[in-house]
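# Fold and contact review
Listed below are the residues making up each chain.
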Amino acid sequence: MKASIGYIIVGARGDLGSIIYNELKAKGNAVFGVDVAASVDTVDNIAVCDFSSPSDVRQYFDEECGSLECEEMVIVLAQGKINNEPALRIEGSQLVTHAVESWDEVVTSNLKSAFVGATEFARMCRKRKRLGLVVAFSSISAGGAPGQIAYSAAKGGIESMIKSLARELGPAGIRAVALAPGYIDTASTQKHLSETRIERITQQTPLRRLGRADEIVSTIEWLAATKFISGTIVEVSGGFTL
């Protein structure tokens, strides 16, 4: 018997991606996990694949996801690196510009990997005659965040890409949505932000708290279940950008 929905979580060893993968799996869903990073834990059943490489991604879908039998396939593109680096800074008496190398790394891990993952996923859906949903992670930084020029540009690119994908792939029964989280209470957030910064963020958020990871999971499930949503950016931020 085919499952109604099958999930592929890209970035399944990441801070938020691992929570999405584990919670969806705990609920009895058909879930495949993949990450660019290997793990010493050989029993976590998460594959390794570089999603910036079209040939590697196509091989992963053909070989690893061949047993995914479902009416609709959902790919959650939760991979990507955050980088805090301004366009221009002063170091001593020198003006230093943003490094091209770190720009390339951030754009590749966020935007290029999402593009390759989404297009190869669409190919797989068409090949297997399945409905599909692309959920690509954007961010509230997509509108332009100071000190995050590469990250903001990559996430803004994802939002434009999603709209194009929705127009192109809709006739084939493949939807595309960008999910833009605000500040989510994860180990990474607690590690990289001071208590003072978190308190300030909380006060700037109309709901007066950080988001929870399970609220991201429930949003993904809602998107999978709500079949007339496509081409939009769903912000889960507690109203932070208002």
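Residues numbered from 1 in each chain as written. Predicted model: local features only at pLDDT ≥ 70, side-chain atom pairs only at ≥ 80, totals over all residues. Heavy atoms only, no water.

Every buried residue of helix α2 (residues 54-64) is accounted for by Val57, Tyr60 and Phe61. Projected down its long axis, α2 carries its buried residues within an arc of 95°, all on one side. Facing away from the buried surface of α2 by more than 90 degrees, the exposed residues are Ser55 and Glu63. Structurally, α2 contributes buried residues whose contacts are with β1 (3-10), β2 (30-35), β3 (46-48), β4 (70-77) and α3 (100-128). (Buried < 20%, exposed > 50% of the residue type's maximum accessible area, 1.4 Å probe, protein only. Helix = DSSP H or I, 4+ residues; strand = E, 2+ residues; numbered from the N terminus. Arc of directions from axis to C-beta. Contact = heavy atoms within 4.5 Å.)

Attention now moves to the pairing of β2. Both β1 and β2 contribute to a ladder of five bridges, which runs parallel. Opposite Tyr7, over in β2, you have Val31 as the bridge partner. The pairing of β2 with β3 spans three bridges and is classified as parallel. Residue pairing for β3: Val34 is matched across the bridge by Ala47. (Pairing = 2+ DSSP bridges.)

Now for a nonpolar patch on the surface. Together, Leu88, Ile90 and Leu95 make up a nonpolar patch on the protein surface, roughly 350 Å² of accessible area in all. By the secondary structure assignment, Leu95 is in strand β6 (residues 94-97). Residue classification places Leu95 among the exposed residues on the basis of a relative accessible area of 62%. (Patch = residues over 30% accessible without salt bridge, like charges linked within 9 Å, V, L, I, M, F, W, Y side chains within 5 Å. Areas by Shrake-Rupley, 256 points an atom, 1.4 Å probe, with all protein chains shown as cover. Salt bridge = Lys/Arg side-chain N within 4 Å of Asp/Glu carboxyl O.)

A few words now on the sheet that holds strand β7 (residues 131-137). One open sheet holds the seven strands; their spatial order is β3-β2-β1-β4-β7-β8-β9, and the pairing between them is parallel. Two strands close off the open sheet at either side, each with one partner strand: β3 and β9 (232-236). Here the strands of the sheet are splayed against their neighbours by 25° on average, with no regard to which way each runs. Sitting on the sheet, α3 is in contact with β1, β4, β7 and β8 (174-181), with an inclination near 175° to β4. (Axes fitted to C-alpha atoms, helices over the stretch in contact; angles between N-to-C directions.)

Next up on the list: the pattern of salt bridges. With the rule as written, the count across this model stands at 13 salt bridges. Residue Glu120 pairs with Arg58 through a salt bridge whose shortest N-O separation is 2.9 Å. Placement of the pair is Glu120 in helix α3 and Arg58 in helix α2, with a sequence separation of 62 residues. Residue class for Arg58 comes out partly exposed when judged on its relative accessible area of 35%. One salt bridge connects Glu91 with Arg89, and the closest N-O pair in it is separated by 2.8 Å. Accessibility expressed as a relative area gives 26% for Arg89, which makes it partly exposed.

What follows concerns the environment of Ile82. Mapping Ile82 onto the fold places it in the loop between β4 and β5 (88-91). The exposure class of Ile82 is exposed, given its relative accessible area of 58%. Counting along the chain gives 79 residues from Ile82 to Met161, while the straight-line C-alpha distance between them is 19 Å. Excluding anything up to four places from it in sequence, Ile82 contacts Gln148 and Tyr151.

Although it is not a glycine, Lys129 adopts a positive phi angle of roughly 55°. Relative to the elements of secondary structure, Lys129 occurs in the loop between α3 and β7. Lys129 gets classed as exposed once you look at its relative accessible area, which sits at 74%.

All right, on to helix α1 (residues 17-26) then. Inspection of α1 places Gly17, Ser18, Ile20, Tyr21 and Leu24 among the buried residues, and these make up the whole buried set. For α1, the angular spread of the buried residues around the axis is 165°, confining them to a single face. For α1, the secondary structure elements touched by its buried residues are β1, β2, β3, β7 and α7 (213-225). Directly after α1, the chain includes Gly28, whose backbone phi takes a positive value near 90°.

Turning next to the packing of α3 against helix α4 (residues 149-169). Between α3 and α4, the least distance of the axes is 8 Å, while the angle of their chain directions is 15°. Between α3 and α4, the angle falls in the class roughly parallel. The two elements α3 and α4 meet at a crossing, and its hand is right-handed. Touching Trp103, Val106, Val107, Asn110, Leu111, Ala114, Phe115, Ala118 and Ala122 of α3 are Ile149, Ala150, Tyr151, Ala153, Ala154, Lys155, Gly157, Ile158, Met161, Leu165 and Leu169, all from α4. The residue inventory of the contact of α3 with α4, partitioned by class, reads 17 nonpolar, two polar and one charged. (Parallel < 35°, antiparallel > 145°, perpendicular 65-115°, else oblique. Left-handed = near helix turned anticlockwise from the far one by under 90°. Nonpolar A, V, L, I, M, F, W, Y, C, P; charged D, E, K, R; others polar.)

Keep in mind these numbers describe shape, not what the thing actually does.
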